[in-house]
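# Overview (structure and organization)
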Amino acid sequence: MADTTDKASAVRIVPRTLKGFRDYLPEQMLVREQLIETARRVYRSYGFVPIDTPALEYLEILEGKGGAESDKQMYRFQDHGGRWVGMRFDLTVPLARYVAQHLGQLDLPFKRYHIAPVWRGENTQRGRYREFLQCDFDTIGAESVAADVETALVIHDLMHALGIRQFTIRINNRMIFNGWAERWGLQQQAAAILRTLDKLGKIGPAEVERELREVVRLDERPAAELLQMVTAQGSNDELLRRLDQWGAGSPLSREGVERLRQIVDGFAAATGASLRLKIDPAIARGLDYYTGPIFETYLDELPSIGSVCSGGRYDDLAGLYCRQRLPGVGASLGLDRLLAALEELHLVEPVRTAAPVMIAFFDERYYHPYLQLATRLRQAGIGVELYAEPKKLAAQLKYADRRGFRYVIVAGTDEFQAGFCRVKDMRSGQQVDCSLADDAAQLVAFLTQALSERRPQS
RNA sequence: GUGGCUGUAGCUCAGCUGGCUAGAGCAUCAGAUUGUGGCUCUGAGGGUCGAGGGUUCGAAUCCCUUCAGCCACCCCA
């Protein structure tokens, strides 16, 4: 028809995606899903339960909760009913609303995990997108250090389960800083000071001091004192001792140091390996709502990509939505950033198939027997893909090779008439014959055995 | 959001100061090998030179705008 022709030659819409928003190819999704599954397993192993919340919230719920910066980055608009709404930029603020709203139905301490996308309209960079997946876990309504220790432990187990061996959880306690600010009457400038401190790793102590003096307008003595604390180096024990001396003039600071000590001790007791948790007085974190211990997790081999799992304690987040004071502690795994890092470090094994076995669609006349064989194997719990069309065997094997199938089943007239099929191991190239008698029992047994053998871990 | 670099085939890139029908490697498809992949050889297909506009006899090449990616600042997962 003329219409069709016109349509084909008419202006085509350019297929494209928004800046910072991405499509995921199957091989990427297979890895993503695997990581998500791992995170889920670890969270559940500590008793965290899943929740979900809407992507969209009333603007008043989200506004002003993550500091001025997240307000600027938030996607906001009026919906069809003229309501001002915003897309969530993290999972912590929605959690606060959620807890306040459902307090009656929740058992405290409430331990939940939440794996969902969040949106931030900031400039993109490697490992930094406008839509990305966060994997949060938090404990609400527990003030004890036990919840802090557990947060560190979950991060530790998480990294381990994700196959990452070279990582460091850096920990600090905001109370130490807050005690200092209190002593000097600088609570008002706290946020600005923290923001400057956060640059320490990048611009160095001298620049930070200069900025503290000139931009934040600190006097010489408090600035020098702060620098002394923040640049302290040494083992966890040494740092605890020094920080304790340093904060001697402030009960709050000393309490913070003591808490840090308890976390380090608890972590060591649980893991027997305290090296992964390192006290770092320079960790500041820009987010305003943290009040206690704070965590950042860096990959030792790629620190430049930033923290892949961060969090901390906030003692009054839900206070904005309800009267009850609800302390909480938790952290967030940045799955997309982690994945970008793993890819760069070549730590992701490319997987292109979801099923390990392929049946070659080799002879059209045996279509039904192929279907029956596939069904039989699936019933036995073996993932099977029947090649989508009858085609040259060489092409099918090539496809199987590229997609990474472990085994290909080849059967044509000769085999079916003799009652067996050939099973080709795609790695070794070797073939074995399996009888199809007795509902293909031999084939099922062979594949079950072969696939259960653990792949050698890289 | 501000500044810098980049954008040529599915991928990685070449194409010098504007000038023949825009190339290579890998990948794809076909054949050599009518029922056996990864190697080899032969051949084929595939390009709005990111998009739009401008300068010019002539633009992948120069200018402007725009979109996207990367890097720095900022902030952060």
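Below you will find a few notes about this structure. Please read all numbers here as calculations on a predicted model, not as lab measurements. (Residues numbered from 1 in each chain as written. Chains lettered and ligands numbered in written order. Predicted model: local features only at pLDDT ≥ 70, side-chain atom pairs only at ≥ 80, totals over all residues. Heavy atoms only, no water.)

### Notes on the overall build of chain A
This is how it is decided: Secondary structure elements follow DSSP: runs of H or I no shorter than four residues count as helices, runs of E no shorter than two count as strands, and numbering proceeds from the N terminus. Residue exposure ignores everything except the shown protein chains as possible cover, and the areas themselves are Shrake-Rupley values with a 1.4 Å probe. When charges are counted, neither His nor the chain ends are considered; positive counts come from Lys and Arg and negative counts from Asp and Glu. For charged residues, the charge sits on one atom: NZ in Lys, CZ in Arg, CG in Asp, CD in Glu.
When helices and strands are tallied, chain A shows 17 helices and 16 strands. The principal-axis extent of the C-alpha atoms belonging to chain A is close to 90 × 65 × 50 Å. Counting every atom, chain A has about 23800 Å² of accessible surface; 49% of that belongs to carbon and sulfur. Chain A carries 59 positive and 61 negative side-chain charges, and their two centres are separated by 2 Å.

### Some thoughts on the protein's contact with RNA strand B
Where we set the bar: Each residue is tested against the molecule or strand, and it is near if at least one of its non-hydrogen atoms lies within 4 Å. Nitrogen and oxygen atoms within 3.5 Å of one another constitute a polar contact, given that in protein one can donate a hydrogen and the other can accept it, and given that sequence-neighbouring residues count only through two side-chain atoms. For this scheme, ten residues count as nonpolar: Ala, Val, Leu, Ile, Met, Phe, Trp, Tyr, Cys and Pro. Four count as charged, namely Asp, Glu, Lys and Arg, and the remainder, Gly too, count as polar.
Near RNA strand B you find 47 residues, and of these R128, R285, S307, D401 and E415 are the closest. When atoms of RNA strand B within 4 Å of the protein are split into backbone and base, the sugar-phosphate part holds 50%. A distance of 2.6 Å separates a base oxygen of RNA strand B from a polar atom in the side chain of N123. Separating a phosphate oxygen of RNA strand B from a backbone N or O atom of R126 is a distance of 2.6 Å. Secondary-structure elements contributing two or more residues to the surface near RNA strand B are α4 (68-73), β6 (131-140), β10 (309-314), α15 (393-403), α16 (413-418) and β15 (420-425). At six residues, α15 tops the list of elements feeding residues into the surface near RNA strand B. Split by residue class, the surface near RNA strand B holds 11 nonpolar, 14 polar and 22 charged.

### Focus: the side chain of E57
Relative to the assigned elements, E57 resides in strand β2 (residues 56-58). At a separation of 2.6 Å, a polar atom in the side chain of E57 contacts the side chain of R97.

### Section: the pairing of strand β4 (residues 84-87)
Heads up, the rule is: A pair of strands is considered paired only if DSSP assigns at least 2 bridges between the two.
Relative to β4, β2 runs antiparallel, the two being bridged by three bridges. The residue bridging L56 from the neighbouring strand is M87, located in β4. Counted between consecutive antiparallel strands, the loop separating strand β3 (residues 76-78) from β4 contains five residues, among which G82 sits at a positive phi close to 80 degrees.

### Here's the deal with the sheet that holds strand β12 (residues 357-359)
Inclusion rule: A fitted line through C-alpha atoms serves as each axis, taken over the contacting stretch for helices, and the angle formed by two N-to-C directions is quoted from 0 to 180°. We call two residues in contact when some of their heavy atoms are within 4.5 Å.
Taken in spatial order, the five strands make up an open sheet running β13-β12-β14-β15-β16, and their pairing is mixed. Lying at the two open borders of the sheet, with one neighbouring strand each, are β13 (384-386) and β16 (431-435). When strand polarity is set aside, the average angle formed by the axes of neighbouring strands in this sheet is 25 degrees. For β12 and β13, the ladder comprises three bridges, and the chain directions are parallel. When the bridges of β13 are listed, M358 appears paired with E385. Here helix α14 (residues 367-379) sits on the sheet in contact with β12, β13 and β14 (407-410), set at roughly 165 degrees to β13.

### Looking at the pattern of salt bridges
Threshold: One side-chain nitrogen of Lys or Arg within 4 Å of one carboxyl oxygen of Asp or Glu is enough to make a salt bridge. Relative accessibility thresholds used throughout: buried, under 20% of the residue-type maximum; exposed, over 50%; partly exposed, between the two (1.4 Å probe, protein chains only).
Scanning all chains against the criterion turns up 27 salt bridges. E211 serves as the salt-bridge partner of K199, at 2.7 Å between the closest nitrogen and oxygen. You can see K199 sitting in the loop between α8 (190-197) and α9 (200-214) and its partner E211 sitting in helix α9, a full 12 residues away along the chain. Judged by relative accessible area, K199 falls into the partly exposed class, the value being 35%. Residue class for E211 comes out buried when judged on its relative accessible area of 12%. A salt bridge links D439 to R376, with the nearest nitrogen and oxygen atoms 3.4 Å apart. One end of the pair, D439, is in helix α17 (residues 437-452); the other, R376, is in helix α14, and 63 residues separate them in sequence.

Such coordinate-based values are descriptive only and should not be taken to indicate function.
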